[in-house]
Each structure stands twice: as C-alpha cells, then as structure tokens.
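# Coordinate inspection notes
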Amino acid sequence: MDQSKVHATGIELLHNPTLNKGTAFSTAERDKFGLRGLIPDAVETIEVQVQRVLMQLDHKHSNIDRFVYLTGLLDTNETLFYRVVMSDPVRFLPIIYDPTIGEACTKFSHIIRRVRGVYLSIAQKDSVAKCLSHWPDRDIRFICVTNGGRILGLGDIGANGMGIPIGKLQLYTAAGGVPPEHLLPLFLDAGSNNEQVLADPLYVGLRRKRPDTETLYRFVDEFVETVQQRYPHCCLHFEDWTGSDAVHLLQRYRDRICCYNDDIQGTAGIALAGMINALKIKQGTLKDEKIFFAGAGSAGIGLADLFVSELINEGLSREDAQNHIIMFDEKGLLVKSRKDLFDFQKPYACDQAPTMQLVEAIKIHKPTTLIGVSTVGQLFTQEVVETMAALNPRPIIFALSNPTEHAECTAEQAYSWSQGRAIYAAGVQFPEVSLNGKTYLPGQANNFYIFPAVAMAIYVTRANRVSDALFIEAARGVAEQVDQALLQKGCLFPPQSQILQISFNTAARVGRKIFELGISDMEPPQDMLKFIQEHSYKAEYPPYC
Ligand SMILES: NC(=O)C1=CN([C@@H]2O[C@H](COP(=O)(O)OP(=O)(O)OC[C@H]3O[C@@H](n4cnc5c(N)ncnc54)[C@H](OP(=O)(O)O)[C@@H]3O)[C@@H](O)[C@H]2O)C=CC1
Ligand SMILES: CC(=O)C(=O)O
Ligand SMILES: [Mg+2]
C-alpha cells in the first residue's frame, strides 16, 4: 500500500473498509492517525482476527447467515475478509459463491445492507456517463456486468442478480489474485419480466417490464462506449444474460473491445478441461466422442463451439466437427425443420424427425457424452442415465446447471444408476459417493477454475482482446494440474484447496498465449509465473507509517 493513499484519519479511517485494520492498527498508527480511544487496547495480529471471525462463523446456523456475516465483514474490513476466505477456499467458496450465492440472489432485496458497485438504470437514459462518473476509482480494469436476465438456473430475477457480479469479482481476487481496487461489479437495469420479483415491496430494482431487444442493445451500446471513454484499459466481463442476448452481445463486441462472456467462454473452458481428463480415464480421443447437449443456450452454444474448434484443430472439417454435436432444448431435438432456432443454433440442427422425448433422442443418436446446461434440476432421470450406461461402458455425464437443486442429476444418482461407470462432474460440489466398496469423488465443473485465471493473465499483460484461444489454453492449464490419484477416483478437476496456485499456473499459460497472439503491447516478462505472483493481491495489512 502506497502510504500517500491513506488520507483518512480517526473514525473515517476505521469506517473505510479498504484501509481499515480494526484492532490490528499498530500503536504508531494509532498515534499518527488519531485512533487513540477509538480501538480497544489490544494490538492484534491478523491471525488473531481470523480466529475471532471463524469462531463467530461457527455460531451461524446456515450458509446464508454466513454469507450475510461475511458480506458485513467485507463492508468493514476488506483485507480481513479476503484473509478469511483465502485461508480455506474449500470451506468458503461455496458460501461466497456457488451454491449459496444462488439463495443470496433470490433474497438480495431482503438481505441488502450496504450497497456495492454501480447500478445504471435505463430509466435514466442518456445519463450513463454521469452515473458512472460517480464511481470514485479511476483505474478500473474489469467490470463484471449483468442485466439479471438469467441468473444461474434461477431465470430472470432482475436487480437481485447483482449478487452474481459481486461474487464473481470476489473470486477474481480470492481465487485469481487480481487486486480488488481494479474491480467493479455493475448492474445494467432494464427492468424484469418476473412478476413475482416486481411485486415484492422490498424489490430494489427498476419496477417495470424489460424493453424490446433493440432498445436494450442501444442501452448496452451507450454503456460500452462510456466505459471505453472512462476506463480505456477495462475488460468487460458479461455474466448471466439471457441466452440469446449473451451470444449476440458477445458477437457484437468481441472484435471491437476487450471483453468476454463467462457463461459462454469460461464454461466452455471448464467443460473442455473436464473432457480432456475424462478422455484420459477412457483412453480415448475427442474424435471418438458424440456429445449430446441438454440445453442450447449461452452455455450450451459456448461449449459446442469450443469443442468444434478443438475438433477442427484435430484435423476435422467444420461440418464433420459439427456432426459430433447434438442439441436438445425445451422444445426438443434441434432439427432442421424447426422454425424457432436462433442463427447460432442452426449449425447444430440435425436432419431428423422432431422429438420432444429426451430418452428417445438419446437412443436415436447414441451419444458417448451427455452435458446438462438446461437449468432444469433432475432432467437426467434414472431412465436417462441408464440409457447412457447401456450405450457406453464409460458414459461421460456432466450436470452443469446451478445451483444445487438445478443440477440435472446428483453425483450419487449418476454413479448408482450407472453402477459406478459414469465419468461425472457437476456445476456444484457434491460429496464423495461410496458404492460397492469404492469411493468416487465428483469434480466441480465450474467456470471458477477458468475466469479468475484468465482475468489475472489479462490484468498482468494488459491484453487488449480476449480470444477463444485463451480459454482453450486455460482448459489445458487446468486439466494438466489433476494428478493420477484424483483421476482414479473419477475427479476431473484440481483440488480447490490450492485454487490460488492452480489459477496462477493456469494464468501463466494464458499469459504466454496472450503474447503469442500479439494481443498485448507490453514486453513479455522473462518468467511469467513469477511476474503473476509478484503482481497478485496479498491479504496482508501494509504498514501505514
Ligand atoms: N457449471 C458452470 O460453470 C456453469 C453452469 N451454467 C449453468 O447452465 C445453465 C444454463 O445456462 P445458459 O445456457 O446460460 O442458460 P440459457 O437460458 O441461455 O439456456 C438454457 C437452455 O436450456 C434449455 N432448456 C430449458 N428447459 C429444458 C428442458 N426441459 N430440456 C432441455 N433443455 C431445456 C433452454 O431451451 P429454450 O431456449 O427452448 O427455453 C435453453 O436452450 C444454468 O443453470 C447455469 O447455471 C452456466 C454457466 C456456467
Ligand atoms: C457458474 C455460472 O456462471 C452460472 O451458473 O451461470
Ligand atoms: Mg454465470
């Protein structure tokens, strides 16, 4: 910490969450900054403060209570918040992020205390620049932006979705090492079509229906242009938009500005990492796989497109590569005769009779891999899993929808219905499963293995574009960090206990790729990993005098 940044004194300093150290202010700092009498006598270390937080958390009865408590901690002492969270990621990621964040979002208007981030409302059109200028930090390097259109598998929950950009950016720091002062969560409020949300007397968002697509995109354009002017080195991270908007907005901006969509590209990255390791277990190649998607929205399309790119890298023509993909959505199999398909779905429509029956479609196509990105909990019934198990000695089954109740099937269901033959992963962490004397450890196929690492690489290299190649590189980086012992238990992803180091290693690969692609104007560092570690956030109190 640059000492010149500490302008506040006394109560003002104690109430500044970025600068506050609470009982850890030294005696010299207490003298210099007028803190005498405002803090109890003991001068504590951050380790002692962590112990107190852990004890207080033990008295909470549910993860949502722990979420509210930790949010309060972040509002009072940012360093201590990150110290606690980073001390035990296995325990804290499910509280500040998936799955608890799903519950926190549904209750956002009820549990909100101190506001965080920026809210831009379409009702104040033409004032985007003015509203954004009220945010004090000038060196914003990442904005995570949603319009609440599709939050996890919870659908349109309007401004309650702001919990997601806040949580995603906390992972940039806790799981990727990006310093929090460069991060801004942002909600682009164009209303909501969720009647229940709009009728809630405590709802904090704009109480009106969403506009037509053209009006929405004009609003997004104004926002994007304003960000370019105010924060020229900022990367825009789009998160949890309605599927078609997610795909179309990425197409609209990806070649013009530094931006990415985590649901499309980050999710594709983690699914590819899972596939690479599943193929090690099967001793197969991607060319041998026929991949059936239940769900053809932003995540499904992102995954399909990345798998196609990989198959093309392996020598297939685009058409042959696309023939390895089958898609099925709420209206059934994607077939050429359907008139309701989006442009981005058409390449995956097959020349077949329509069917609305998932099991029938699986029997027709005989896939080797089944991926759930449907938002529909329990879509993979016993019959679905048994069908996959009848078709394949080692069926790959990924149930990626979040949060927990939206997973297409649980780990226990996948293993027991396939007699332990399924190679399974889910968007949330399910517990180990014991079956016939064998223990299975399901991996968590969640984009949090990817986006913090990609962000850290963009941050240190000042990349000016984000290409799909970075997500393929990240996928390889994550996959290579899974050892044989984990693979033997069926786990496709690295241990979350070491998430920060895993992200650094992944970021180092992505950083090198950024220079190879020529999308940074910087001189490449000699040792990318060391460079990343040197620039990473440390949850430590710097001396102020
Ligand atoms: N694990 C991870 O890291 C990630 C997980 N996800 C999860 O993936 C899910 C989907 O996200 P996303 O693609 O962005 O959402 P979208 O809303 O864009 O897409 C959902 C898709 O599922 C289809 N669908 C709905 N009901 C059914 C059904 N009964 N059977 C088959 N398909 C159905 C929809 O069809 P239609 O359009 O016809 O309604 C649509 O194609 C979410 O639950 C999200 O939490 C997303 C990103 C990352
Ligand atoms: C994990 C995530 O990004 C999602 O479920 O939308
Ligand atoms: Mg998401």
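Fair warning: this is a prediction, and the values are worked out from it, not measured in the lab.

### Here's the deal with the site of ligand 2
As a matter of local geometry, ligand 2 sits amid Y97, R150, L152, K168, E239, D240, D262, D263, N402, N446 and N447. Summarising the interface, the protein chains cover 90% of the accessible area of ligand 2, which totals 220 Å² for the free molecule. A molecule is said to occupy a pocket when more than half its atoms come within 2 Å of that pocket's grid points, and by this definition ligand 2 occupies the second largest pocket. Broken down by class, the residue content of the shell around ligand 2 amounts to 2 nonpolar, 3 polar and 6 charged.

### With respect to the environment of L14
Within the fold, L14 resides in helix α1 (residues 10–14). L14 sits in the buried class, given a relative accessible area of 15%. Taking the C-alpha atoms as reference points, L14 and I101, 87 residues apart in sequence, are found 28 Å from one another.

### Description of the confidence of the model for the protein
For the protein, per-residue confidence averages 97 on the pLDDT scale, and 99% of positions sit at 70 or higher. Across the assembled chains, the prediction reports ipTM 0.99 with pTM 0.97.

### Quick notes on the sheet that holds strand β9 (residues 369–372)
Judged by pairing direction, the sheet is mixed, and its 7 strands sit side by side in the order β8-β7-β6-β9-β10-β11-β14 without closing on themselves. Every other strand in the sheet has two partners, leaving β8 (332–333) and β14 (443–444) as the edge strands with one partner each. In this fold helix α14 (residues 262–282) packs onto β6 (291–294), β9, β10 (396–399) and β11 (423–426), with an angle of close to 155 degrees to the strand it touches most, β10.

### Quick notes on the UniProt feature "domain: Malic enzyme NAD-binding" (unreviewed entry) in the protein
Sequence positions flagged by UniProt for "domain: Malic enzyme NAD-binding" (unreviewed entry) are, in local numbering, residues 264–515. Taken end to end, residues 264–515 is 44% helix and 12% strand, and its two terminal C-alpha atoms sit 23 Å from one another.

### Here we look at the packing of helix α3 (residues 46–58) against helix α5 (residues 78–87)
Where α3 contacts α5, the two axes come as close as 10 Å, and the packing angle between them is 70 degrees. As summarised for this structure, α3 and α5 are arranged roughly perpendicular, according to the angle between their axes. The segment α3 lies against α5, with I46, E47, Q49, V50, V53 and L54 engaging T79, L80, R83 and V84. Within the contact of α3 with α5, the residues separate by chemical class into 6 nonpolar, 2 polar and 2 charged.

Rules of the game
Position numbers for residues start from 1 in each chain and track the written sequence from start to end. The naming scheme follows written order: chains are lettered A onward, ligands numbered 1 onward. Residue-level local features of this predicted model are given only where pLDDT is at least 70; pairs of side-chain atoms are given and counted only at 80 or more, and the full residue set underlies all totals for whole chains, interfaces and linings. Water and hydrogen atoms were dropped before computing side-chain values, which therefore reflect all heavy atoms in the structure. Being near a molecule or strand, for a residue, means having at least one of its heavy atoms within 4 Å of it. Using a 1.4 Å probe, the Shrake-Rupley method yields the accessible areas, and only the shown protein chains count as cover for residues. Points on a 1 Å grid over protein atoms alone make up a cavity when a 1.4 Å probe fits among them but cannot get out, and a pocket when they form an open set with protein on both sides within 12 Å along at least five of seven lines; lining residues each have an atom within 4 Å of a point. Should more than half of a molecule's atoms lie within 2 Å of a pocket's or cavity's grid points, that molecule is taken to sit in it. Polarity classes work like this: nonpolar for Ala, Val, Leu, Ile, Met, Phe, Trp, Tyr, Cys and Pro, charged for Asp, Glu, Lys and Arg, and polar for all others, with Gly in that last group. The numbering of helices and of strands both runs from the N terminus, where a helix is a DSSP run of H or I of at least 4 residues and a strand a run of E of at least 2. Whether a residue is buried, partly exposed or exposed follows from its accessible area with a 1.4 Å probe, protein chains only, as a fraction of its type maximum: under 20%, in between, or over 50%, in that order. pLDDT is defined as a per-residue confidence score from the predictor, taking values between 0 and 100. Pairing between strands is defined by DSSP: at least two bridges between the two strands are required. Contact between two residues is taken to exist if any of their heavy atoms lie within 4.5 Å; hydrogens are not considered. Structural elements are reduced to axes, namely lines fitted to C-alpha atoms, with helices fitted over the stretch in contact, and the angle between N-to-C directions of any two is expressed from 0 to 180 degrees. UniProt positions are given in the numbering used here, feature names are shortened, and annotations may be inferred rather than shown by experiment. An angle below 35 degrees is read as roughly parallel, one above 145 as roughly antiparallel, one from 65 to 115 as roughly perpendicular, and any other as oblique.

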